[in-house]
Amino acid sequence: MEKITIYTDGACSGNPGKGGWGVVIINTDNTLTTLSGACKLTTNSRMEIQAVVEALKHIKAPMDITLISDSQYVCNTINEWLDKW
């Protein structure tokens, strides 16, 4: 199975406030794919999660994914809470 690494981040100015998210995907051939977006009124947590959602939507085939995030909210969501939702 092909392996990729995904870096995600989200932020907002004010909470709620203007926010944005960004993604960098290191593809199997070591090329980079970047994704980004913004919202006029949002929260930091929403932007952190949106980055992950958009990254995963971009993947069109089964992959071995390493996801890197500096957000404790994202990490806890994936590693601890997701199976309980």
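A quick note: this is a predicted structure, and the numbers were derived from the prediction, not measured.

J.: Honestly, the overall build of the protein chain in this entry has me stumped. Any pointers?
T.: For the protein chain, the count of helices and strands is two helices and four strands. Going from the N terminus to the C terminus, the protein chain shows its helices and strands as β-β-β-α-β-α. The C-alpha radius of gyration of the protein chain comes to 13 Å, within 12% of the 12 Å expected for a compact globule of 85 residues. For the protein chain, the spread of C-alpha atoms along the three principal axes comes to 40 × 30 × 20 Å. Taking all 85 residues of the protein chain together, the buried fraction comes to 28%. For the protein chain, long-range pairs separated by at least 24 residues make up 50% of all intrachain contacts whose partners lie at least 6 apart in sequence. Put simply, the protein chain shows about 5,600 Å² of open surface, and 54% of that area lies on carbon and sulfur atoms.

J.: Any chance you could explain the packing of helix α1 (residues 44–58) against helix α2 (residues 72–81) here in plain terms?
T.: Two quantities define a packed helix pair, namely the angle between the helix axes and the distance between the axes. At a minimum axis distance of 9 Å, the contact between α1 and α2 shows a crossing angle of 55°. When the axes of α1 and α2 are compared, the pair comes out oblique. Seen from above, α1 lies across α2 with right-handed handedness. For the pair α1 and α2, the contacting residues are S45, E48, I49 and V52 in the first and Y73, V74, T77 and I78 in the second. Per-class residue counts for the contact of α1 with α2 are five nonpolar, two polar and one charged.

J.: Sorry if this is basic, but what is going on with the sheet that holds strand β1 (residues 3–14) here?
T.: With mixed pairing, the four strands of this open sheet are ordered in space as β3-β2-β1-β4. Whereas interior strands pair on both sides, the edge strands pair on one side only; in this sheet they are β3 (32–42) and β4 (64–69). Recorded for the sheet is a direction-independent mean angle of 20° between the axes of neighbouring strands. The sheet contact formed by β1 and β4 spans six bridges and is parallel. What sits directly across from I4, in β4, is I65. Contacting β1, β2 (17–26), β3 and β4, α1 runs over the sheet at an angle of about 150° to β1.

J.: I keep staring at α1 and nothing clicks. Help me out?
T.: An α-helix turns once every 3.6 residues. As a result, residues three or four positions apart point the same way. Between its first and last C-alpha, α1 extends 22 Å over 15 residues, near the 21 Å set by a 1.5 Å rise per residue. In this structure, the buried residues of α1 make contact with β1, β2, β3, β4 and α2.

J.: Which parts of the structure should I look at to understand the side chain of S69?
T.: Within the secondary structure, S69 sits in strand β4. At 3.0 Å, the side chain of S69 forms a polar contact with the backbone nitrogen of S71. Discounting residues that sit within four places of it in the chain, S69 has contacts with T8, E48, V74 and C75.

Parameters at a glance
Residues numbered from 1 in each chain as written. Predicted model: local features only at pLDDT ≥ 70, side-chain atom pairs only at ≥ 80, totals over all residues. Heavy atoms only, no water. Helix = DSSP H or I, 4+ residues; strand = E, 2+ residues; numbered from the N terminus. Rg over C-alpha atoms; globule rule 2.2 N^0.38 Å. Buried < 20%, exposed > 50% of the residue type's maximum accessible area, 1.4 Å probe, protein only. Contact = heavy atoms within 4.5 Å. Areas by Shrake-Rupley, 256 points an atom, 1.4 Å probe, with all protein chains shown as cover. Axes fitted to C-alpha atoms, helices over the stretch in contact; angles between N-to-C directions. Parallel < 35°, antiparallel > 145°, perpendicular 65-115°, else oblique. Left-handed = near helix turned anticlockwise from the far one by under 90°. Nonpolar A, V, L, I, M, F, W, Y, C, P; charged D, E, K, R; others polar. Pairing = 2+ DSSP bridges. Expected span 1.5 Å × (residues − 1). Polar contact = N/O pair within 3.5 Å; in protein donor to acceptor, adjacent residues only side chain to side chain.

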